[in-house]
Structures are given as C-alpha cells and as structure tokens.
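One-letter residues, chain by chain:
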Amino acid sequence: MDERYYIYENWHRKRGRIHLSTCSYCNDGQGTQEVDSGKNGKWHGPFNRNQAFIEVERLQKGADIQPCAVCNP
Ligand SMILES: [Zn+2]
C-alpha cells in the first residue's frame, strides 16, 4: 500500500477534507482551480495514512477536518 493522502484546509470556513491523491477533488494535491485559489486554504501533504491522521489531529485544533465523501479515505 503506498496510497498517498492529502489534506485540504480551508481557512475561511475553518474546515478541511482528507483526500486520496487519486481523488478528482484532490488531483494529487493540486485541487480544483475554483476551490484552490491559494487564498482560502492550503493543501497539506502528501502523507502516508499514519502521517495523514496525525496531521488531522493537529489541524483539528483549529478546524473541522472530515474525510472526503467522494474518495472515502
Ligand atoms: Zn476526495
């Protein structure tokens, strides 16, 4: 297993999503242009699964981070 995970953190909404690198919303950490202007948030990663969930715990102090409903990481 060497799936890569990315976390998108939205500063405005104080929330984020965990994605697999292959998710169409993640696009290997590039995101979709309409979502990621670089002003509203930031991509974190790539991580392996363990690293991703450690990072989620850290980020959850400031934001609501949930797994993406599309790629279901
Ligand atoms: Zn996703």
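S.K.: Would you explain the pairing of strand S1 (residues 5–10) in this entry?
M.R.: For a regular strand, the rule is simple: side chains alternate between the two faces of the sheet. Counting buried positions over the six residues of S1 gives six, a clear majority of the element. The pairing of S1 with strand S2 (residues 15–20) spans six bridges and is classified as antiparallel. Of the residues in S2, the one forming a bridge with Tyr 5 is Leu 20. Taking the residues that link successive antiparallel strands as the turn, the S1-S2 hairpin has four residues, and the phi of Lys 14 there is positive, at about 50 degrees. Relative to strand S3 (residues 41–47), S1 is paired through five bridges, and the arrangement is antiparallel. Bridge pairing in S3 places Ile 7 opposite His 44.

S.K.: Would you mind showing me how to read the coordination of the zinc ion here?
M.R.: Binding of the zinc ion to the protein goes through His 19 (ND1), Cys 23 (SG), Cys 68 (SG) and Cys 71 (SG), at separations of 2.1 to 2.4 Å. All donors of the zinc ion belong to a single chain; written as a sequence motif, their spacing is H-x3-C-x44-C-x2-C. For the pair formed by Cys 68 and Cys 71, the shared burial category is buried.

S.K.: Could you clarify how one ought to interpret the side chain of Ser 21 in this entry?
M.R.: Looking at where Ser 21 falls in the secondary structure, it is placed in the loop between S2 and S3. Apart from residues no more than four positions distant in its own chain, Ser 21 is found in contact with Glu 3, Arg 4, Tyr 6, Cys 26, Asn 27 and Asp 28.

S.K.: Explain the environment of Thr 32 here, please?
M.R.: Summarising the element assignment, Thr 32 is placed in the loop between S2 and S3. Assessed through its relative accessible area of 24%, Thr 32 is described here as partly exposed. Ignoring sequence-local partners within four residues, the contact set of Thr 32 consists of Ser 24 and Tyr 25.

Calculation criteria
Residues numbered from 1 in each chain as written. Predicted model: local features only at pLDDT ≥ 70, side-chain atom pairs only at ≥ 80, totals over all residues. Heavy atoms only, no water. Buried < 20%, exposed > 50% of the residue type's maximum accessible area, 1.4 Å probe, protein only. Helix = DSSP H or I, 4+ residues; strand = E, 2+ residues; numbered from the N terminus. Pairing = 2+ DSSP bridges. Donors = N, O, S within 2.8 Å, 3.2 Å for Na, K, Ca; no water. Contact = heavy atoms within 4.5 Å.

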